[in-house]
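The lines below spell out each chain.
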Amino acid sequence: MRTLGGDGTDRMEGLSDGLFAIVLTLLVLQFEVPDVPADDLPAAVADQEALLVSYLLSFLVVGLYWVVHHNLFDHIVEHDRLLLWLNLLFLLSISFLPYPTEIVGLYGTQFAWTLYASNFVLVGLLVTACWSYAARAGYTAAGIDDRMALMITIRGLITPAVFTLSIGVAVVSLTAAFVVPLLIVPLQVVWARYYQRVTGDDPDG
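Residues numbered from 1 in each chain as written. Predicted model: local features only at pLDDT ≥ 70, side-chain atom pairs only at ≥ 80, totals over all residues. Heavy atoms only, no water.

Some details on the environment of Tyr139
Then, in step 1: Positionally, Tyr139 belongs in the loop between α6 (110-137) and α7 (146-156).
Then, in step 2: Taking relative accessible area as the criterion, Tyr139 reaches 5% and is therefore assigned buried.
Then, in step 3: In sequence terms Tyr139 and Gly6 are 133 residues apart; their C-alpha atoms lie 9.7 Å from each other.
Then, in step 4: Among the polar contacts listed, one links the side chain of Tyr139 to the side chain of Asp80, at a separation of 3.0 Å. (Helix = DSSP H or I, 4+ residues; strand = E, 2+ residues; numbered from the N terminus. Buried < 20%, exposed > 50% of the residue type's maximum accessible area, 1.4 Å probe, protein only. Polar contact = N/O pair within 3.5 Å; in protein donor to acceptor, adjacent residues only side chain to side chain.)

Structure below.
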């Protein structure tokens, strides 16, 4: 039964877009221009390599989640109080990301990576929870049947699964752990092709 809800999700999407914009901006604020003599500048910039890698990875994954959130809420046409709170929890997990991004960039330890990757696992699980709840509650567009809803849920679990894998890889090699998230791209491509073959629809259309 719907509790304090209604048609449309414009306000949820507006709040979400605004927070995504803030987070993407905050990610770059972790950088400080080195205060060193000009001759030492190349070495000082090189010392920020881990910070740059963590920034680029975070920017790309946060951007991916902005696209995912946008696509999901194209299909979610109604809401209730619980969906509002689930979306707020998702935004909470997104807003925390600049902190572990800077931690992993500055320290580059197994613990730092575990904190960083765990944040992305939480982000993925919460946005998938938003979709799964909306689909089960009947808040999605009429064209979304149970099979399509399930496949979209599975897609949402790809990124948290990859970051969970990276936590295990970090135990063996921290360098390899930084590379593991690249698996998201081919896995998303495989999923999209399978979805299109099964449903005949463009998953991002």
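That was the structure; now back to the text.
Overview of the nonpolar core
Then, in step 1: Residues Tyr65, Leu83, Phe90, Ile94, Trp113, Phe120 and Phe163 are the most contacted members of the largest nonpolar core, which totals 51 residues.
Then, in step 2: With 13 residues, the top contributor of residues to this core is α6.
Then, in step 3: In this structure Leu83 touches Met12, Ile76, Glu78, Cys130, Tyr133, Ala134 and Tyr139, once residues within four positions along its chain are discounted. (Core = buried A, V, L, I, M, F, W, Y, C linked by side-chain atoms within 4.5 Å. Contact = heavy atoms within 4.5 Å.)

With respect to the layout of surface pockets
Then, in step 1: Of the pockets and cavities examined, the second largest pocket occupies roughly 250 Å³.
Then, in step 2: Val53, Leu56, Leu57, Leu60, Val61, Leu64, Phe178, Val179, Pro181, Leu182, Ile184 and Val185 together form the lining of the second largest pocket.
Then, in step 3: Of all the secondary-structure elements, those providing two or more residues to the lining of the second largest pocket are α3 (49-75), α9 (174-179) and α10 (184-199).
Then, in step 4: At six residues, α3 tops the list of elements feeding residues into the lining of the second largest pocket.
Then, in step 5: Within the lining of the second largest pocket, the residues separate by chemical class into twelve nonpolar, no polar and no charged. (1 Å grid on protein atoms, 1.4 Å probe; cavity = no way out; pocket = protein on both sides within 12 Å on 5 of 7 lines; lining within 4 Å. Points joined across faces, edges and corners; volume = space filled by probe spheres on them. Nonpolar A, V, L, I, M, F, W, Y, C, P; charged D, E, K, R; others polar.)

Comments concerning empty space enclosed by the protein
Then, in step 1: Taken as a whole, this structure holds one cavity of 30 Å³ or more when the rule is applied.
Then, in step 2: What lines the largest cavity is simply Glu13, Asp17, Trp66, His69 and His70.
Then, in step 3: Listed by contribution, the elements that provide at least two residues to the lining of the largest cavity are α1 (10-28) and α3.
Then, in step 4: Looking at the lining of the largest cavity, the element that brings in the most residues is α3, giving three residues.
Then, in step 5: Its residues assigned to classes, the lining of the largest cavity shows one nonpolar, two polar and two charged.

Points about the packing of α3 against α6
Then, in step 1: Running from amino to carboxyl end, α3 crosses α6 at an angle of 5°, the nearest separation of the two axes being 10 Å. Here α3 is positioned roughly parallel relative to α6, judged by the angle of their axes. Contact residues: Ser54, Leu57, Ser58, Val61, Val62, Tyr65, His69, Leu72 and His75 in α3; Trp113, Tyr116, Phe120, Val123, Gly124, Val127 and Trp131 in α6.
Then, in step 2: Looking at the contact of α3 with α6, its residues break down into eleven nonpolar, five polar and no charged. (Axes fitted to C-alpha atoms, helices over the stretch in contact; angles between N-to-C directions. Parallel < 35°, antiparallel > 145°, perpendicular 65-115°, else oblique.)

Some words on the UniProt feature "transmembrane region" (unreviewed entry) in the protein
Then, in step 1: Mapped onto the present numbering, the UniProt feature "transmembrane region" (unreviewed entry) falls at residues 12-31, 51-70, 82-99, 111-135 and 156-184.
Then, in step 2: Taken end to end, residues 82-99 has its terminal C-alpha atoms 27 Å apart, with 89% of it in helix and 0% in strand. (UniProt positions renumbered as here; feature names shortened; annotations may be inferred.)

Some remarks on a nonpolar patch on the surface
Then, in step 1: Among the surface-exposed residues, Ile22, Leu26, Val28 and Leu29 lie close enough to one another that they form a single nonpolar patch of about 350 Å² accessible area.
Then, in step 2: Tracing the sequence through the fold places Leu26 in helix α1.
Then, in step 3: Looking at Leu26, the relative accessible area reads 38%, which means it is partly exposed. (Patch = residues over 30% accessible without salt bridge, like charges linked within 9 Å, V, L, I, M, F, W, Y side chains within 5 Å. Areas by Shrake-Rupley, 256 points an atom, 1.4 Å probe, with all protein chains shown as cover. Salt bridge = Lys/Arg side-chain N within 4 Å of Asp/Glu carboxyl O.)

Let's talk about helix α5 (residues 98-107)
Then, in step 1: Listed in full, the buried residues belonging to α5 are Pro98, Pro100, Thr101, Ile103, Val104 and Gly105.
Then, in step 2: Of the surrounding elements, those touching the buried residues of α5 are α1, α3, α4 (81-95), α6 and α9.
Then, in step 3: Downstream of α5 by one or two residues, Gly108 has phi in the positive range, about 55°.

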